[in-house]
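Coordinates in review
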Amino acid sequence: MSATPNSLFRHYLDSLIQQGTTRASLTDEARNVLRTWYVAARQGGRPAASASASPKPPPLQTSAPAPAEMPEPPELLPQSGEPAFSITLPEGTMEDKLQYLRHLAQNWKPARELNSLRDTMVFATGNPHTKLMLIGEAPGYYEEVQQEPFVGRAGEKLNQILRAMGLSRDMVYISNIVKFRPALPNQRTNNRAPTPEEIEACLPIIMHEIRVIQPKMIIALGGTAAVGLLGEQGSVSSMRGRFHNLNGIPVRVTYHPSYLLRSDSPREKRKVWEDMLAVMERLDMPISEKQRGYFLPRE
Ligand code: URA
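Residues numbered from 1 in each chain as written. Predicted model: local features only at pLDDT ≥ 70, side-chain atom pairs only at ≥ 80, totals over all residues. Heavy atoms only, no water.

Structural notes on the site of the ligand
Let me state the cut-off plainly: Nearness is defined per residue: one heavy atom within 4 Å of the molecule or strand is enough. Counted as a polar contact is a pair of N or O atoms within 3.5 Å, where, for protein atoms, one must be capable of donating a hydrogen and the other of accepting one, and residues adjacent in sequence contribute only when both atoms are in side chains. Only the protein chains shown count as covering a residue, and every accessible area follows the Shrake-Rupley method with a 1.4 Å probe.
Taken together, the neighbourhood of the ligand is formed by Gly-136, Glu-137, Ala-138, Glu-143, Pro-149, Phe-150, Asn-176 and His-256. A distance of 2.8 Å separates a nitrogen atom of the ligand from a polar side-chain atom of Asn-176. Side-chain polar atom of His-256 to an oxygen atom of the ligand: 2.8 Å apart, as the coordinates give it. Across the complex, the protein chains shield 92% of the 240 Å² of accessible surface that the ligand would expose by itself.

Some remarks on the packing of aromatic side chains
Applied cut-off: The criterion for an aromatic pair is that two Phe, Tyr or Trp rings (for Trp, the six-membered ring) have centres within 6.5 Å, with stacked assigned to planes under 30 degrees apart, edge-to-face to planes over 60 apart and tilted to the rest. In DSSP terms, a helix is any run of H or I states spanning at least four residues, a strand is any run of E spanning at least two, and both are numbered starting from the N terminus. Categorising residues by exposure relies on relative accessible area from a 1.4 Å probe, with only protein chains included: less than 20% of the type maximum marks a residue as buried, more than 50% marks it as exposed, and the intermediate range marks it as partly exposed. For a lysine, the NZ atom is tested; for an arginine, the CZ atom; a charge sits over a ring if that atom is within 6 Å of the ring centre and within 35 degrees of the ring normal.
By the definition in use, this model includes four aromatic pairs. Ring plane angle 45 degrees and centroid distance 5.3 Å describe the contact between Trp-273 and Tyr-294, whose orientation is recorded as tilted. Here the residue Trp-273 occupies a position in helix α11 (residues 266-282), and Tyr-294 occupies one in the segment after α12 (289-292), the gap between them amounting to 21 residues. By relative accessible area, Trp-273 is classed as buried at 2%. Owing to a relative accessible area of 25%, Tyr-294 belongs among the partly exposed residues under this scheme. One aromatic cluster in this structure is built from Trp-273, Tyr-294 and Phe-295. The residue whose ring lies beneath Lys-179 is Phe-123, and the NZ or CZ to ring-centre distance is 5.3 Å. Between Arg-252 and the ring centre of Phe-243, over which it is positioned, the NZ or CZ distance is 4.5 Å.

Some remarks on the confidence of the model for the protein
Under the convention used in this document: One confidence number per residue, pLDDT, is output by the predictor and ranges from 0 to 100. By definition in these notes, contact holds between two residues if any of their heavy atoms fall within 4.5 Å.
This prediction gives the protein a mean pLDDT of 82; 72% of its residues lie at or above 70. Confidence drops under pLDDT 50 across residues 38-83; counting only partners more than four residues distant or on other chains, this segment forms 49 contacts.

A short note on the pattern of salt bridges
What counts is decided by this rule: Criterion for a salt bridge: a side-chain nitrogen of Lys or Arg within 4 Å of a carboxyl oxygen of Asp or Glu.
Within this structure, the stated rule accounts for 11 salt bridges. With a shortest N-O distance of 2.7 Å, Arg-118 and Glu-144 are connected by a salt bridge. Taken as a pair, Arg-118 in strand β3 (residues 117-121) and Glu-144 in helix α5 (residues 141-146) lie far apart in primary sequence, 26 residues in all. What makes Arg-118 partly exposed here is its relative accessible area of 27%. For Arg-292, the salt bridge goes to Glu-281, with nearest N and O atoms at 2.9 Å. Of this pair, Arg-292 sits in helix α12 while Glu-281 sits in helix α11, placing them 11 residues apart in sequence.

Focus on the pairing of strand β6 (residues 173-176)
The condition is simple: Think of it this way: DSSP has to see at least two bridges between two strands before they count as a pair.
Alternating positions in β6 separate into two faces, Tyr-173 and Ser-175 on one and Ile-174 and Asn-176 on the other, with burial throughout. Two strands pair when backbone bridges link them, and strand β4 (residues 124-126) and β6 are joined in this way by three bridges, in the antiparallel orientation. Directly across from Ala-124, in β6, lies its bridge partner Ser-175. As judged from the four bridges shared by strand β5 (residues 132-136) and β6, these two strands associate in the parallel manner.

This is how it looks when you write it as C-alpha cells:
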C-alpha cells in the first residue's frame, strides 16, 4: 500500500510522540485538515479529496494552545503498555520505511538525551533488497565525515572481505548498532567504543531496520554489535562458530574488521573467513575450491 498524506501525517505525529513530544499546537489550516479526517473517520469513510490534498505535514506552531473544542484524534496516541520508544512504521515501500527510520534516527531523543554522542547521524548504506545485512558498532571519524558506515580503514577491510565472498557493498546492507559517533573530549580523529547506554538508546532503530529489510542472514561485526543485538554477554571468540537466532533470523558473529587491521595473521584471517564460508553455505552462495582454501596454512 502506498503512503497517503493522511498516513504520512499520522506517522509524523507518531514520530513526535515517540520523541517525547506530548503537546503540539496546530495552524488553522492543519486543524481544519485534521478535523475533516476525524469526522470522516468517525463516519467510517475516507476524507474528502480536497481535505487530504495537503502534500506535506502541516507546520507546527509552538505558541498558540490547541482549541478546547478540537477532539484528540484517537488513533494518534500510543497504545497503553507500549514502551516509550515503540516505533510504528509507516505504510509504503521498504524505501519509505527506511527513510522514515533515517529521519527518526536523526532526532532520536533517547540517544540525543545522553549528551555523550556527537551530532552527525550516520544511518546505513547498500541495498535494502538483500539477503545479507552486516552490522557494526558505531561510526568513527571517516564515517562521520562521509555520513556513511564503514568508509575508513575498517571499511576497506570489510570491502576486501566482501570481495572475497564475491560480493560488493551495493549487494548487501551495511549498518551500525549506534548511529552517532561516540564523543570524547578534544576529539580529533580518535574514536571510542559505544557504552551499553548508548547501544541501548539506539537499539530500537537498528531493530526496526532489521524488521524492514528482513534479511536471510545477519553478520554481527565485532563484540559490541553481537552483544547489543543478541542481548547475551560474551566475547567474539565465545560467540562465533555457530548461528544465533534473532527473531528467526540467523546471526553469525565474527571479529570486527578493525581487529584484522591489528592482527592480520593468516590464522586470524582464516577465523573470519570460516565465518564467511558458513554464511555463504547457509545462503546457498557458490563457493569455489580456491575460496574454500583461503588463508589455510600452506603444506
Ligand atoms: N566501525 C564500525 O563499527 N562501524 C563503522 O561504520 C566504522 C567503523
